[in-house]
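Chain residues, written in single-letter form:
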Amino acid sequence: MTTGQLSGPPLIGVEEEFLVVDAGRGEVVPLAATVVDGARPTLGPRVGGEITTLQIETRTDPCRSVDDLAAQLVEGRAAIQAAARSAGLRVIASGSPVLGRAVPPPLTQGPRQDRGIATFRGLHDELAICAVHVHVEQPDRDRAVLIGNHLRAHLPILIALTANSPYWAERDTGYASWRSVTWGRWPVAGPPPYLTSARQYDDHVDMLLDAGALVDHGTIFWDLRLSTRHPTLEVRVADVPVTAAESAALAALVRALVVVAGEAVDRGDEGPRLLPELLRLAYWRAARDGMGGHGVDVATGRLLPAASLAERLVEYARPALDAAGDSHRVRRWLTWLAADGDGATRQRAAHAVRGRLTDVVDEIASRTAPDVAAHQEGTPA
């Protein structure tokens, strides 16, 4: 299969979602439009609203270099934090709210949103959650579907690596990624099914639409999907990381996984047919423990340290990481996670000092507004 193959590393782009909070109390507030309007002179179309008025989203342009991508992530975070600050607000990079009433969240208005409420009903009550989406250039849709079969096995460890949502309704859930748990309730979320062609992918989406499980083709919320707007494979499984450097490292790793999987597809390997119950179990364990515990090997069902699963994943991606010059960045990320823990661990550490959730918000907010130089070394600020 040669159609759509690329001569160099694929272009990548990232979307990051954030929560808007009151500067004093640290509670989520429905003032996303204020921050978007304030950041738009700097970011233009690279900033916008989300489905609730508590959230904003920044976007990068397509980038070949992860250094360029990281610079845009830093710029986006700095712009929204500056806009928030000028309005007496802050933004935080957390997969879930820490303080304030977010159930049910205030939703943006419009006919599409009305159809969504009629379709999904109470599922919207826990929609104030923030992810990071990585787009990897993949113009051949058939090839992208087969690459997705390979990537399904890696989705749980990507949850663990980015786990950053331990709190919900002002309490510790006991999970590292509560966002993953709440999101998994949707009928069109989680890993996609094993599929063998773009035609089968489209037929499956059409079936879900006909069954009333989708509002439209844009509401297929699988953690791995073909973009409806761009010639990309989109990986949507991760909590938004605390820092821009972590998002950049995640993007580098995801791109490398796509490249290595694409080479396997070109050799005729359509990907492993995983047991659905093992994949579901691996999702749950990753969401519960993050990088601080054990994960499930989706091929065998065995429990292994999450750090070992992460090391194995990076080793699998190493040829493509080396070719793109991204190995150092990803290795530094793993080293840093081993020392300071995933985002959930850091949130809990901030709370443990004085037992105050306001300290958690303060810590996340201080890291969300990045050290402008940190991205160059791939070190979380």
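Residues numbered from 1 in each chain as written. Predicted model: local features only at pLDDT ≥ 70, side-chain atom pairs only at ≥ 80, totals over all residues. Heavy atoms only, no water.

Asks: Could you give an account of the packing of aromatic side chains, with specific residues and numbers?
Replies: Within the structure shown, the criterion is met by six aromatic pairs. Measuring from centroid to centroid gives 5.3 Å for Y175 and W178, while their planes differ by 65 degrees, and the two rings are edge-to-face. When sorted by exposure, Y175 lands in the same class as W178, which is buried. Ring geometry for W183 against W186: centres 5.4 Å apart, planes inclined by 40 degrees, an arrangement best described as tilted. Residue class for W183 comes out buried when judged on its relative accessible area of 12%. Through a chain of ring-to-ring contacts, the aromatic side chains of F120, W183, W186 and F221 assemble into a single cluster. (Phe/Tyr/Trp six-rings, centres within 6.5 Å; stacked < 30°, edge-to-face > 60°. Buried < 20%, exposed > 50% of the residue type's maximum accessible area, 1.4 Å probe, protein only.)

Asks: Mind laying out the pattern of salt bridges, listing which residues take part and the relevant values?
Replies: The tally for this structure, following the rule as stated, stands at 29 salt bridges. With its nearest N and O atoms 2.9 Å apart, the salt bridge here joins R141 to D202. A residue pair is termed long-range when its members are at least 10 positions apart, and R141 in helix α4 (residues 141-151) and D202 in helix α7 (residues 198-210) qualify at 61 residues. Taking relative accessible area as the criterion, D202 reaches 29% and is therefore assigned partly exposed. One salt bridge in this structure joins R285 and D289, with 2.9 Å as the shortest N-O distance. Note that R285 and D289 are positioned in helix α9 (residues 276-289) at a spacing of four residues, about one turn of the helix. In terms of burial, R285 and D289 fall into one category: buried. Residues participating in the shared-partner salt-bridge network are E311, E315, R318, D322 and R331. (Salt bridge = Lys/Arg side-chain N within 4 Å of Asp/Glu carboxyl O. Helix = DSSP H or I, 4+ residues; strand = E, 2+ residues; numbered from the N terminus.)

Asks: Provide a residue-level description of helix α13 (residues 357-368), including the pertinent values.
Replies: Between its first and last C-alpha atoms α13 spans 17 Å; for twelve residues at 1.5 Å apiece the expected length is 16 Å, and the two agree. Taken together, the buried positions of α13 are L357, D359, V360, V361, I364, A365 and T368. (Expected span 1.5 Å × (residues − 1).)

Asks: Tell me about the environment of A307, residues and numbers included.
Replies: Following the sequence through the fold, A307 ends up in helix α10 (residues 306-324). Using a relative accessible area of 43% as the deciding quantity, one classes A307 as partly exposed.

Asks: Report on unusual backbone geometry, specifying residues and quantitative values.
Replies: Cis geometry marks the peptide bond from V103 to P104; its omega dihedral reads -10 degrees. Topologically, P104 is positioned in the loop between β4 (89-92) and α3 (111-120). You will see that A169, though not glycine, has its phi angle at about 55 degrees, which is positive. In the Ramachandran plot, E170 falls in the positive-phi region, its phi being about 65 degrees despite a non-glycine side chain. The topology assignment puts E170 in the loop between β6 (167-168) and β7 (171-172). A residue is classified by how much of its surface remains accessible, and E170, at 39% relative accessible area, is partly exposed.

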